[in-house]
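# Remarks on the overall topology
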Amino acid sequence: MNILQIHSSARADGSHSSRLAHTIVERIRAALPDDVDAAITLRDLGRTPHPELNETALQALFTPAEQRTAEQADRVALDDALIAELQAADVVVLGVPMYNFGVPAQLKNWIDAISRAKVTFQYTAKGPEGLLKGKKVYIALTRGGQYRNTPADTQVPYLKTVLSFLGMTDIQLVYAEGLAMGPDAEQQALASAHSQIKELVIGEEAVAA
Ligand SMILES: Cc1cc2nc3c(=O)[nH]c(=O)nc-3n(C[C@H](O)[C@H](O)[C@H](O)COP(=O)(O)O)c2cc1C
């Protein structure tokens, strides 16, 4: 089983979303049958930022491969690597802090890189079709405040929309909210996140922890 673990916090150390993503991966590994090995790929978008989708990148993407300059080919290759990593994954685990009511810019850059027409999605006569099917997605969401199920939470509708558009419809969420609301609230938020992780559905059925 290939697990792709993605961190998007700008913090190299002490990130709650990265830690929770790691705990989810450990939970998945622990639930695997003995004869199934887990290969984990860690993509830390904070430590190794992916370049933004700017004009140079767009021009490179829209130039046929055989006509690209070396610089354009290098730029497209960076996106190709992220797409290949995702295509190979059976399970995707994302750590996602809330930054100014949205997803971190680094995560948006990753989404811009993996969303490629005719590769990860296509339009048919019936409408759009996601081409990244059969994957399980787990997302650890960390917030200083409490925005779950409110209109201020733009992250969850956005992530569900774009991941489903790409074919990843099996999505489970873990929330750690109120992390900036004092030590007690922080402790409660983390304890709640850990119990949500224990209750995640791994594989075909819920695995009691
Ligand atoms: C630049 C920045 C913007 C933030 N914006 C929000 C926000 O809009 N809403 C919120 O609830 N928390 C916000 N926070 C708090 C973070 O979501 C919270 O500290 C979270 O734990 C960060 O994730 P991390 O621990 O993985 O780094 C913000 C933090 C930073 C550094």
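In case you missed it, the structure is sitting above this.
Keep in mind it's a predicted model, so treat the numbers as computed, not measured. (Residues numbered from 1 in each chain as written. Predicted model: local features only at pLDDT ≥ 70, side-chain atom pairs only at ≥ 80, totals over all residues. Heavy atoms only, no water.)

## Brief notes about the sheet that holds strand β3 (residues 91-97)
Spatial strand order, β2-β1-β3-β6-β7: five strands in an open sheet with parallel pairing. Edge positions in the sheet fall to β2 (39-44) and β7 (170-176), since each of these pairs with one other strand and no more. Strand-to-strand, the axes of this sheet are offset by a mean angle of 15°, without reference to chain direction. (Pairing = 2+ DSSP bridges. Helix = DSSP H or I, 4+ residues; strand = E, 2+ residues; numbered from the N terminus. Axes fitted to C-alpha atoms, helices over the stretch in contact; angles between N-to-C directions.)

## A word on the nonpolar core
L94, L107, W110 and I139 are the most contacted members of the largest nonpolar core, which has 29 residues in total. Taken together, the elements giving at least two residues each to this core come down to β1 (2-7), α3 (70-88), β3, α4 (105-114), β6 (136-142), α5 (155-165) and β7. When residues in this core are grouped by element, the largest group, five residues, is from α4. Sequence-distant contacts of L107, defined by excluding residues within four places in its chain, comprise S8, L45, L94, V96 and L159. Among the nonpolar cores identified, the runner-up in size contains 18 residues, and V174, A176, A193 and I202 belong to it. (Core = buried A, V, L, I, M, F, W, Y, C linked by side-chain atoms within 4.5 Å. Buried < 20%, exposed > 50% of the residue type's maximum accessible area, 1.4 Å probe, protein only. Contact = heavy atoms within 4.5 Å.)

## Some points on the pattern of salt bridges
Under the definition given, this model contains 11 salt bridges. Of the charged contacts in the structure, one is a salt bridge between E85 and R43, with a shortest N-O distance of 2.9 Å. Of the two residues, E85 sits in helix α3 while R43 sits in strand β2, which places them 42 residues apart along the sequence. The buried category is assigned to E85, whose relative accessible area is 18%. Between R116 and D80 there is a salt bridge whose closest N-O contact spans 2.8 Å. Highlighted residues: R116 in the loop between α4 and β4 (121-124) and D80 in helix α3, separated in sequence by 36 residues. The partly exposed category is assigned to D80, whose relative accessible area is 34%. Residues joined in a network through salt bridges with shared partners are D13, D44 and R47. (Salt bridge = Lys/Arg side-chain N within 4 Å of Asp/Glu carboxyl O.)

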